[in-house]
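Structural overview
Here are the chains, one letter per residue:
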Amino acid sequence: MDLQNIGQKLKQARLKSKHTQQQIADQCGISKSLLSKIENGQTSSAVATLSKISETLDVQLSWVLDGHPETDLVVLPKAERRISADDENMGYSLELLANRSRFSRIEPTIVHVTPKDFNVRHEPYTHTQDEFIYIVEGAIELYYDGEKHYMEKGDTGHFKGVKPHLFMPVDNDGAKVLTVFIDD
């Protein structure tokens, strides 16, 4: 186990949650000194203790222990990106543009909108993230909160994901939409 990596991840999670070492230590039933040593990679700790800290910080223990450090740079070559469509009836497929950090507040994605004759989706979606969109190719009708907006290549939009919305194709060419999901 890489104690430095584990400590760095726990400290990063604690700072993101805006808690002090004392607050987390009190919630976990450990001393502030022990938490400080763990965060600084100066001591190993029982998995049970790491589990308590992870749970308190609302992060997966598997992420803390996975051995992959958080980095400031995420590079994902085109050849390694995958387009996923779990259900043909969704009306789109997704291409994740970066394997985002656990603490990143944005998730860039290309949404491939299904051509009109093949698109059977008519029910709008909602989600907790805000969304910024840029039409890369083609055109769509953005249904948003009961209103319809025609958008074509080069157009942009920004909206709250909690309101019902849907990208509908306008023709059989489909469309590509750069979508950036933004967490609060």
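Owing to the predicted nature of the structure, the values given are computational and were not obtained by experimental measurement.

**Quick look at the overall build of the protein chain**
Regarding its fold elements, the protein chain presents five helices and eight strands. Along the protein chain, from the amino end to the carboxyl end, the secondary structure elements read α-α-α-α-α-β-β-β-β-β-β-β-β. In the protein chain, 63% of the contacts between residues at least 6 apart in sequence involve partners at least 24 apart. Carbon and sulfur atoms provide 49% of the accessible area of the protein chain, an area that totals close to 11100 Å².

**So, the pairing of strand E6 (residues 156-160)**
Across the two faces of E6 the burial differs, with Gly157 and Phe159 buried and Thr156, His158 and Lys160 not buried at all. Across five bridges, strand E4 (residues 130-144) lies against E6 in antiparallel orientation. For Asp130, the partnering residue across the bridge sits in E6 and is Lys160.

**Things to note about the packing of helix H1 (residues 3-16) against helix H3 (residues 32-39)**
Closest axis-to-axis distance for the H1/H3 pair is 7 Å, and the angle between their directions is 120 degrees. Seen from H1, the contacting residues are Leu3, Gly7, Gln8, Leu10, Lys11 and Arg14; seen from H3, they are Leu35, Ile38 and Glu39. When the residues that make up the contact of H1 with H3 are grouped by side-chain class, the tally is four nonpolar, two polar and three charged.

**Brief notes about the nonpolar core**
Ranked by internal contacts, the top residues of the largest apolar core, which has 16 residues, are Val113, Ile133, Ile140, Leu142, Phe167 and Val177. Counting residues per element, the ones that place at least two in this core are strand E3 (106-113), E4, strand E7 (165-169) and strand E8 (175-182). A per-element tally of this core places E4 first, with five residues. If we ignore the near neighbours within four places in the chain, the residues touching Val177 are Thr109, Ile110, Val111, Val113, Ile133, Tyr134, Ile135, Val136, Ile140 and Phe167. Listed in part, the 15 residues of the second largest apolar core include Leu10, Ile30, Val59 and Val64.

**Quick notes on the pattern of salt bridges**
According to the stated counting rule, one finds four salt bridges in the structure shown. Arg14 is paired through a salt bridge with Glu39; the nearest N and O atoms lie 2.6 Å apart. In this pair, Arg14 sits in helix H1 while Glu39 sits in helix H3, placing the two residues 25 residues apart along the sequence. Each member of the pair Arg14 and Glu39 is classed as buried. A salt bridge links Lys163 to Asp145, with the shortest nitrogen-to-oxygen separation between them at 3.5 Å.

Basis of the calculations
- Residues numbered from 1 in each chain as written.
- Predicted model: local features only at pLDDT ≥ 70, side-chain atom pairs only at ≥ 80, totals over all residues.
- Heavy atoms only, no water.
- Helix = DSSP H or I, 4+ residues; strand = E, 2+ residues; numbered from the N terminus.
- Contact = heavy atoms within 4.5 Å.
- Areas by Shrake-Rupley, 256 points an atom, 1.4 Å probe, with all protein chains shown as cover.
- Buried < 20%, exposed > 50% of the residue type's maximum accessible area, 1.4 Å probe, protein only.
- Pairing = 2+ DSSP bridges.
- Axes fitted to C-alpha atoms, helices over the stretch in contact; angles between N-to-C directions.
- Nonpolar A, V, L, I, M, F, W, Y, C, P; charged D, E, K, R; others polar.
- Core = buried A, V, L, I, M, F, W, Y, C linked by side-chain atoms within 4.5 Å.
- Salt bridge = Lys/Arg side-chain N within 4 Å of Asp/Glu carboxyl O.

Note that all results are geometric; they support no functional claim without further evidence.
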